[in-house]
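Residue strings, one per chain:
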Amino acid sequence: MITLNANAKINLTLDILGLREDGYHEVAMVMQEVSLHDTLSMEKSGAGIQLSITIEGQDGVLPADESNLCWKAAALVQREYGLTEGVSMELVKRIPMAAGLAGGSADAAAVLKGMNQLYGLGMTEERLCELGARLGSDIPFCLMGGTMLATGRGEVLTRLPSFPETYVVLAKPEAGVSTAWAYKTYDAGYDGPHPDNEAMLKAIGEGDRRKAAGLLCNVLEGITIKEHAIIESYRKMMLQQGAMASMMSGSGPTVFGLAEDEASAGRIAAAVKALDDKAAVYVAKTVV
């Protein structure tokens, strides 16, 4: 049996450049791996695919069948490499679901890595990313991790210098947000700010986390806040408690705050939990 961690991500920037001919959106965003993770255990089995899921610290049900991204990733590798043996998988979920943290994509990326390792397939990172991109735009990032500029529909990645190790407070309200809804609403008309990705890349290159914190920008944030005011409440509370910056990740609704140190992160997390005792709150770190 092998065990892998599937780490979450946050967006330091998220810009939408337009709608592509293939129906996807052209994006430009800086993505950062964080230490909050699901755990996946895998072993060979006689035939087929078996998947069991344990969800920790949150309500909700996640199907453990052919509709699950983990299942789809294992099935894709079986087809591509003509594997006749099966695989048994146990997933422990900690990353909130439908949260803008790429939990499902991270799990699928872990399955691809695990299948490669279990069966000695010798897939390169490039090959893994090619398979991952067939299943979801965030999966190549989840395979490579670290700090990346993502373009195209999110699958074209450029590795950046590591973001300085920083404590990150993550807070997800009870509300859920549809990614499709957020992008559709953006398409209907957006007149808000856009991120300065060049300035963000320069700040990261200089290792200046405070300057980078001042450049956080997500074009979907204002759209989602109009429907879910609690997001703005989380942001304000994090800033009041000393976060260097706070922003919604992805299409939301998770809000993150960049903290000066561990003590500050604990204080911010406690304040958000006091504001909304139904919030799912986590303290993590950027992964360098």
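Scroll up a little and you will see the structure.
Please read these numbers as outputs of a predicted model, since none were measured by experiment.

How each quantity is defined
Residues numbered from 1 in each chain as written. Predicted model: local features only at pLDDT ≥ 70, side-chain atom pairs only at ≥ 80, totals over all residues. Heavy atoms only, no water. Helix = DSSP H or I, 4+ residues; strand = E, 2+ residues; numbered from the N terminus. Rg over C-alpha atoms; globule rule 2.2 N^0.38 Å. Buried < 20%, exposed > 50% of the residue type's maximum accessible area, 1.4 Å probe, protein only. Areas by Shrake-Rupley, 256 points an atom, 1.4 Å probe, with all protein chains shown as cover. Lys, Arg positive; Asp, Glu negative; His and termini not counted. Charge placed at Lys NZ, Arg CZ, Asp CG, Glu CD. Axes fitted to C-alpha atoms, helices over the stretch in contact; angles between N-to-C directions. Parallel < 35°, antiparallel > 145°, perpendicular 65-115°, else oblique. Left-handed = near helix turned anticlockwise from the far one by under 90°. Contact = heavy atoms within 4.5 Å. Nonpolar A, V, L, I, M, F, W, Y, C, P; charged D, E, K, R; others polar. Phe/Tyr/Trp six-rings, centres within 6.5 Å; stacked < 30°, edge-to-face > 60°. Lys NZ or Arg CZ within 6 Å of the ring centre and 35° of its normal. Salt bridge = Lys/Arg side-chain N within 4 Å of Asp/Glu carboxyl O. Core = buried A, V, L, I, M, F, W, Y, C linked by side-chain atoms within 4.5 Å. Polar contact = N/O pair within 3.5 Å; in protein donor to acceptor, adjacent residues only side chain to side chain.

(A) Expanded view of the overall build of the protein. Scanning the protein from terminus to terminus reveals 10 helices and 12 strands. Computed over its C-alpha atoms, the radius of gyration of the protein comes to 19 Å, within 12% of the 19 Å expected for a compact globule of 288 residues. When burial is assessed residue by residue, the protein has 54% of its 288 residues classed as buried. Total accessible area on the protein stands at roughly 12,200 Å², and carbon and sulfur atoms take up 49% of it. Taken together, the 25 basic and 36 acidic charged side chains of the protein have centroids lying 2 Å from each other.

(B) The packing of helix H1 (residues 69-81) against helix H2 (residues 103-118), seen in detail. For the pair H1 and H2, the least separation of the axes is 8 Å and the interaxial angle reads 30°. The angle between H1 and H2 falls in the class roughly parallel. For the pair H1 and H2, the crossing hand works out as right-handed. Taken together, the residues of H2 that come into contact with H1 (itself represented by Leu69, Cys70, Ala73, Ala74, Val77 and Gln78) are Gly104, Ser105, Asp107, Ala108, Val111, Leu112 and Met115. Taken together, the residues of the contact of H1 with H2 sort by class into nine nonpolar, three polar and one charged.

(C) Broad picture of the packing of aromatic side chains. Tallied over the full model, the rule gives one aromatic pair. Taking the ring centre of Tyr24 as reference, the NZ or CZ of Arg153 above it sits at 4.7 Å.

(D) Geometry of the pattern of salt bridges. Inspection of every chain in the model, using the stated rule, returns 17 salt bridges. With a closest N to O distance of 3.1 Å, Glu26 and Arg20 form a salt bridge. Classification of Glu26 as partly exposed rests on a relative accessible area of 28%. For Arg20, a relative accessible area of 23% corresponds to the partly exposed category. The partner of Glu260 in a salt bridge is Arg210, with the nearest N and O atoms 1.8 Å apart. Pair noted here: Glu260 is in the loop between strand S11 (255-259) and helix H10 (262-275) and Arg210 is in helix H7 (residues 209-213), with a separation of 50 residues, a long-range link. A single salt-bridge network, built from bridges that share partners, covers Glu80, Arg127, Glu130 and Arg134.

(E) Focus on the nonpolar core. The biggest cluster of nonpolar side chains holds 66 residues, and the ones touching the most others in it are Met42, Val87, Met89, Val111, Met115, Leu220 and Met238. Residues Ala212, Ala245, Met247 and Phe256 belong to the second largest nonpolar core, which totals 28 residues.

(F) Structural detail: the side chain of Asp276. Note that Asp276 resides in the loop between H10 and strand S12 (280-285). Buried and unpaired, Asp276 has no salt bridge, with Lys278 as the nearest side chain of opposite charge at 6.7 Å. Within polar-contact distance, the side chain of Asp276 engages the side chain of Tyr234 at 2.6 Å. Those residues within four positions of Asp276 in sequence are excluded, and the remaining contacts are Ile230 and Tyr234.

(G) Seen up close, the environment of Gly136. With respect to the helices and strands, Gly136 occurs in the loop between helix H3 (125-135) and helix H4 (139-144). Under the relative-accessibility criterion, Gly136 is labelled buried at 15%. Sequence spacing of Gly136 and Ser41 is 95 residues, and the spatial spacing of their C-alpha atoms is 21 Å.

(H) Representation of unusual backbone geometry. Here the bond from Gly252 into Pro253 is cis, since omega is 5°, no more than 30 degrees from zero. At Ala98, a residue that is not glycine, the phi angle is positive and equals roughly 50°. Checked against the element boundaries, Ala98 lands in the loop between strand S5 (86-93) and H2. For Ala102, which is not glycine, the phi dihedral falls at a positive 60°. The class of Ala102 is buried, set by a relative accessible area of 11%.

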